[in-house]
Amino acid sequence: MSNGRRAIRQTLNMTYYNRQVASISAAIYSNVYLIRQVISAKHFIDTNFTDNITLDDICKEACISKFHLVRSFKKLYGTTPHQYLTSVRINKAKTLLRTKASVAEVCYSVGFESSTSFTALFKKKMGRVPSAFKP
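The rules behind each value
- Residues numbered from 1 in each chain as written.
- Predicted model: local features only at pLDDT ≥ 70, side-chain atom pairs only at ≥ 80, totals over all residues.
- Heavy atoms only, no water.
- Core = buried A, V, L, I, M, F, W, Y, C linked by side-chain atoms within 4.5 Å.
- Buried < 20%, exposed > 50% of the residue type's maximum accessible area, 1.4 Å probe, protein only.
- Helix = DSSP H or I, 4+ residues; strand = E, 2+ residues; numbered from the N terminus.
- Expected span 1.5 Å × (residues − 1).
- Polar contact = N/O pair within 3.5 Å; in protein donor to acceptor, adjacent residues only side chain to side chain.
- Phe/Tyr/Trp six-rings, centres within 6.5 Å; stacked < 30°, edge-to-face > 60°.
- Lys NZ or Arg CZ within 6 Å of the ring centre and 35° of its normal.

J.: What am I meant to see in the nonpolar core here?
T.: In globular proteins that are soluble, nonpolar side chains generally tend to be buried together. I45, I58, L69, F118 and F122 are the most contacted members of the largest nonpolar core, which totals 27 residues. Listed by contribution, the elements that provide at least two residues to this core are α3 (32-48), α4 (55-62), α5 (66-77), α6 (81-97), α7 (103-109) and α8 (115-126). The greatest single-element share of this core, amounting to 6 residues, is contributed by α6.

J.: What is the right way to look at unusual backbone geometry in this model?
T.: Trans is the prevailing form of peptide bonds, just as negative phi is the prevailing case for residues other than glycine. With phi around 55 degrees, C63 is a residue other than glycine that occupies positive phi space. Counting through the fold element by element, C63 comes out in the loop between α4 and α5.

J.: When you look at α8 in this model, what are you seeing that I'm missing?
T.: Because the α-helix completes a turn every 3.6 residues, residues three or four places apart line up on one side. The terminal C-alpha atoms of α8 lie 16 Å apart, and with 12 residues this matches the ideal 16 Å at 1.5 Å per residue to within 8%. Measuring from the side-chain oxygen of the N-cap residue of α8 to the backbone nitrogen of T116 gives 3.3 Å; that N-cap residue is S114. Following α8 by one or two positions, G127 adopts a phi angle in the positive range, close to 80 degrees.

J.: Help me understand the packing of aromatic side chains in this model?
T.: What describes a pair of aromatic rings is the distance from one ring centre to the other and the angle between the planes of the rings. Throughout the structure, instances matching the rule amount to 5 aromatic pairs. On the basis of an interplanar angle of 55 degrees and a centroid distance of 5.7 Å, the ring pair of F73 and Y84 is categorised as tilted. Remark: Y84 occurs in helix α6 and F73 occurs in helix α5; sequence separation between them is 11 residues. Of the two residues, F73 and Y84, both sit in the buried class. Centre to centre, the rings of F112 and F118 are 5.1 Å apart; their planes meet at 50 degrees, and the pair counts as tilted. When sorted by exposure, F112 lands in the same class as F118, which is buried. Through a chain of ring-to-ring contacts, three or more aromatic side chains come together here, namely F112, F118, F122 and F133. Lying over the aromatic face of F112, R89 brings its terminal NZ or CZ to 5.7 Å of the ring centre. Above the ring of F133, the side-chain terminus of R128 is found at 4.2 Å from the ring centroid.

Structure, rendered in structure tokens:
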């Protein structure tokens with residue numbers, strides 16, 4: 001079978017999801033390896049946001065340089081890894097604040113090291129102080 005026919009057959013055998021991923025990957029960034037590394041970095045952030053993680057930690061986990069990670073992450077997700085980490089923490093904090101937990105407990109449980117900086121950042125992002133989300 002020729003290479004052309006093999007490529008057509010493989011395309012026809014792809015699921016809808018695989019075709020969409022391939023299409024988006026080609027449109028946004030054609031380097032599949034780099035895309036996988038960036039997705040790996042995002043997954044690392046999603047699962048470790050409560051820890052004191054740094055850009056170095058994320059890069060080490062994803063096996064990618066800082067330059068490539070920041071540039072590619074922003075291209076794929078529209079935000080930097082640090083901004084994404086902050087938004088994950090703030091979103092989780094909003095959920096936890098709706099429980100009976102104190103602001104300080106929520107602050108430390110989502111990975112912030114200072115309740116003062118948490119409150120200031122929360123107010124900047126959400127327009128209200130954390131205690132306004134309490135029931």
